[in-house]
Amino acid sequence: MKDVNILAIETSCDETSIAIIRNGVECVSLTVLTQMDTHAMYGGVVPEIASRMHAENITMVLEETLNKSKMKMSDIDAIAVTYSPGLLGSLLVGVEFAKTLALVYDKPLIAVNHLAGHIYANNLEKKMEFPLLALVVSGGHTDLILMKDDYKFEHIGGTLDDAVGECYDKVARVLGLKYPGGPNVDRMASLGKHTYELPIPMNDDSFNMSFSGLKSSIINLVHNEAQRGHEIRKEDLACSFQEVAVDQLIRKSELAIKKYKVKNMIVAGGVSANKYLREKVKELTDKYNINLSIPRILYCTDNAAMIGAAAYPLYMRGEFADMDLNATSRDELY
Ligand code: KG4
Ligand code: ZN
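Overview of the structure. Here the structure is a predicted model, which is why all the values come from computation and not from measurement.

Rules used in this analysis
Residues numbered from 1 in each chain as written. Chains lettered and ligands numbered in written order. Predicted model: local features only at pLDDT ≥ 70, side-chain atom pairs only at ≥ 80, totals over all residues. Heavy atoms only, no water. Buried < 20%, exposed > 50% of the residue type's maximum accessible area, 1.4 Å probe, protein only. Helix = DSSP H or I, 4+ residues; strand = E, 2+ residues; numbered from the N terminus. Contact = heavy atoms within 4.5 Å. Lys, Arg positive; Asp, Glu negative; His and termini not counted. Salt bridge = Lys/Arg side-chain N within 4 Å of Asp/Glu carboxyl O. Polar contact = N/O pair within 3.5 Å; in protein donor to acceptor, adjacent residues only side chain to side chain. Pairing = 2+ DSSP bridges. Axes fitted to C-alpha atoms, helices over the stretch in contact; angles between N-to-C directions. Phe/Tyr/Trp six-rings, centres within 6.5 Å; stacked < 30°, edge-to-face > 60°.

### Points about helix α6 (residues 181–189)
Of all the nine residues making up α6, seven are buried; the element is thus mostly covered by neighbouring parts of the structure. Listing the buried residues of α6 in full gives Gly181, Gly182, Asn184, Val185, Asp186, Met188 and Ala189. Check the buried side of α6 and you find it contacts α5 (164–174), α8 (234–260) and α9 (275–287).

### A closer look at the environment of leucine 101
Topologically, leucine 101 is positioned in helix α3 (residues 88–105). Of the residues examined, leucine 101 reaches a relative accessible area of 8% and is grouped as buried. For the pair leucine 101 and glycine 176, spaced 75 residues apart in the sequence, the C-alpha separation amounts to 43 Å. Each residue touching leucine 101, except ones within four places of it in the same chain, is listed here: Leu7, Ile9, Leu62, Met73, Ile79 and Asp106.

### Some thoughts on the side chain of glutamate 10
Locating glutamate 10 in the fold gives a position in strand β1 (residues 5–10). Within the buried core, glutamate 10 has no salt-bridge partner, and the shortest N-O distance to an opposite charge, that of arginine 330, equals 14 Å. Side chain to side chain, glutamate 10 and histidine 114 meet in a polar contact 3.0 Å long. Look past the residues within four positions of glutamate 10 in its chain and what remains in contact with it is Glu15, Thr16, Ser17, Thr82, His114, Asp302, Asn303, Ala304, Met306 and Ile307.

### Considering the sheet that holds strand β3 (residues 26–34)
Remark on secondary structure: sheet strands pair via backbone hydrogen bonds, oriented parallel or antiparallel. Ordered in space as β3-β2-β1-β4-β5, the five strands form an open sheet in which the pairing is mixed. Edge strands, defined here as strands with exactly one partner in the open sheet, are β3 and β5 (109–113). This sheet shows a mean twist of 20° between the axes of neighbouring strands, independent of strand direction. With five bridges connecting them, strand β4 (residues 78–84) and β5 associate as parallel partners. Looking across to β5, one finds that threonine 82 is bridged to valine 112. The sheet strands contacting helix α2 (residues 47–69) are β1, β2 (15–22) and β3, and the helix crosses β2 at an angle near 30°. Contacting β1, β2, β3, β4 and β5, helix α11 (residues 305–316) runs over the sheet at an angle of about 130° to β1.

### Some remarks on unusual backbone geometry
In this model, serine 84 is joined to proline 85 through a cis peptide bond whose omega is -20°. Along the polypeptide, proline 85 turns up in the loop between β4 and α3. The residue aspartate 106 is not glycine, and still its phi comes out positive at about 55°. Structurally, the position occupied by aspartate 106 is in the loop between α3 and β5. For aspartate 106, a relative accessible area of 69% translates into the label exposed. Positioned with a positive phi, methionine 202 is a non-glycine residue whose angle comes to about 50°. By the secondary structure assignment, methionine 202 is in the loop between α6 and β9 (208–209).

### Focus: the packing of aromatic side chains
Evaluated as defined, the whole model comprises six aromatic pairs. Between the aromatic rings of tyrosine 168 and phenylalanine 241, the centroid separation amounts to 4.9 Å while the plane-to-plane angle is 75°, which identifies the pairing as edge-to-face. On the criterion of sequence distance, the pair formed by tyrosine 168 in helix α5 and phenylalanine 241 in helix α8 is long-range, its members being 73 residues apart. A relative accessible area of 0% means that phenylalanine 241 is categorised as buried. One aromatic cluster is present, formed by Tyr120, Tyr151, Phe153 and Tyr334 through successive ring pairs.

Written out as C-alpha cells, the structure is:
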C-alpha cells in the first residue's frame, strides 16, 4: 500500500508545532516552537500574546519541518489541524493556516481533537491494542477512558472538579515556582520526602476523582505556616502533594483495570511527562501483567506529531473537514 504522509498543525496553547507523520505511526519530521519563556514572565499563558506569536512564527515552522523532511508539499496527502479544545485565538491561527494550505495545494483537510492527539501519541511508540484503558492527564482533563476500537472513547470516570495538571500549576505557584509549574513541582518533589499530612481525595470505590480539596489544603497550609512565621520545607511539600495526587490516579486506574479486565493501558496528556507517575503506572501494570505504553516526553507535551497520528484513522475512513471548519475552545471527545 502507498504511504500516507499527513502534515499536521498544532497551535492550541503556547506551542507552535508542525509535523509530518507517515502512516499514523512514523514521525518523519517534527518542529515544536515553544513560547514558554515569554509566558513565564507573566506567570502563565497570555492568550493574546500566544495567538500573535503563532501568527508570526507558523510559516517559519512549516518551512523548517519541510526542510528537515526533505519533502515538498506535493508529497503530502492531507493537512490535519487541532480545532479544539484550547485557546480560541491560538486555535484559529492553526485552523486558518491549515485551510489555506489545503486550498492552495488541493489537499483534504482533517479536523483533530487535541485530546485524541494526546491519546494517539502512543501510536508513535507502539500501535495501540484494543481494548485499552487510557488515563488522560492534562491541564484541562483528568479522565479514565475505555477504548474498544479506534475513535471509540467511553468515559468511565474522572475528576469532578480541577484537572490534575491545573492542580500542579497552582501548587507550583504557591511554592513560588515558575511557570510551567508541573515540571518544576516534579523536579522539586524528587528532592523531598512525604512528611506533610494531606487529605486523601475520593477514598471510595467509584471512578470519580477530585483535586480541588487537595489544592485548597496546600494553599491553606502554606498561608497558615507563613502567618505563624514557620518556614515551609518546599521539597517535602511538593513530594507530599505529588504522592497524594498520583496515588489517586493509580488507585482509580487500578479499580478500572479490575472491573474492565483490560490487558493494555496507555497514559496520555501533559502530566504523563511526570516521572513519579510514570514509575507508579509501570508498577501498577506490572502487578496486573498489563502492557503499558506512555509516549516519550517530547510526544507527551503539546506537539503536532500526535495530531498527525490521530488524523490517520480519520484519513483512512475518509472523514474530512469542510472549508468552513471553525475552531472551538471546548469540544468534548467523550
Ligand atoms: O496536555 P498539556 O500539554 O496541555 C493541555 O492540553 O492541557 O498539559 C499541560 C499540563 C500543565 O498543567 C503542566 O503543568 C503539566 O501538564 N505537566 C506536568 C509535567 N509536565 C507537564 N505535570 C506534572 N509533571 C510534569 N513533569
Ligand atoms: Zn495538551
